[in-house]
Amino acid sequence: MTRCPASILLLLTSGLLVVGEASPAPAGSPRRASRHYAPRVAVPIRHLPDGVNGWSVAETPNFRIYHQQSTRLVDDVALIAEQTRVDMQDRWLGRVQGNWEQRCDIYLHATGRDYWRSAGVPALARGSSRFTIRDGAVASRSIDLPCDQPNLLAAVLPHEVTHMVLAGQFGDRPVPRWADEGMAVLAEPDEVVEHHLRKVSRHRDELFNLRLLVEMDYPKNRSVDVFYAQSVSLVNFLVGQRGAPEFVRFVKDGLRDGYGVALRQHYGYRDFHDLDHDWARYALDQESPHPESAAVGTP
Ligand SMILES: [Zn+2]
């Protein structure tokens, strides 16, 4: 089992740089393409004649892909990235937005070793993404991916593109980690989601207090797997109640007014104790696949 590296949050003089990591790779996670991301729209892909700093470059309306890979792989990355952007905007924001003003850069590193060295992330990271905010708007987005990652197209790419869709949706604040990772994992194949959901009940003695979970950054100890599993479970539980866009509104209001107020307003819970009671009943009964994992995203 790989472990998610610690997050990096750097305050730059020119803006806010946020770096997110993909979730740890579940043991035995599926390698098939996700049915959710079979491209359904025509995407213009332009392979530029000139390279940049040793990279070949391809562009779509919202992504610029730097690579040394086959045209077939680059086209797959381009199509899935554009499709995921549309799907995740529709799911979480309730509408498909216009093209981003600045394309999201995607760097396709040939191997994990190349990726870890170039992106400056800990070994065994599956992928990573970052964005900057300037004057209240997203000024840049970028994703780094290793091409020898077996779940690249089905899981890691959709996960990282989801982080990029969520970037900037919460003002100039970083997306809260639990919500950011929970929503990103829900872009991965159902089998991966179910793996996380089952893990909660298996680690019931290591779970975080929910109030702590929603306010914490990545844990810096062995509990990172539990953090991911519990985040996925809590996001899936809340989405199952009122839909995905309402969940995003809850997080926005929670950041502004406090989660206690937002819980009452959006879900009718008096406090975290009430939430914990209902969530625990749901979360600790996940040894078999739960239908809500397939229904996520339905408003
Ligand atoms: Zn992530």
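Residues numbered from 1 in each chain as written. Predicted model: local features only at pLDDT ≥ 70, side-chain atom pairs only at ≥ 80, totals over all residues. Heavy atoms only, no water.

Caption draft 1: Summary view of the nonpolar core. In this structure, W92, I106, W178, L234, F247 and F250 are the most contacted members of the largest nonpolar core, which totals 72 residues. The biggest single contributor to this core is helix α7 (residues 224-242), with eleven residues. Apart from residues no more than four positions distant in its own chain, L234 is found in contact with W178, L210, L213, V214, L275 and W279. (Core = buried A, V, L, I, M, F, W, Y, C linked by side-chain atoms within 4.5 Å. Buried < 20%, exposed > 50% of the residue type's maximum accessible area, 1.4 Å probe, protein only. Helix = DSSP H or I, 4+ residues; strand = E, 2+ residues; numbered from the N terminus. Contact = heavy atoms within 4.5 Å.)

Caption draft 2: Broad picture of unusual backbone geometry. For N53, which is not glycine, the phi torsion reads 50° and is therefore positive. By secondary structure assignment, the location of N53 is in the loop between β3 (46-47) and β4 (56-59). On the accessibility criterion, N53 (75% relative accessible area) is exposed. Even without glycine at this site, D135 takes up a positive phi of about 55°.

Caption draft 3: Structural detail: α7. The first and last C-alpha atoms of α7 sit 27 Å apart over 19 residues, in line with the 27 Å expected at 1.5 Å per residue. Of all 19 residues making up α7, 16 are buried, and the element is well covered by its neighbours. Downstream of α7 by one or two residues, G243 has phi in the positive range, about 90°. (Expected span 1.5 Å × (residues − 1).)

Just geometry here; none of it tells us what the structure is for.
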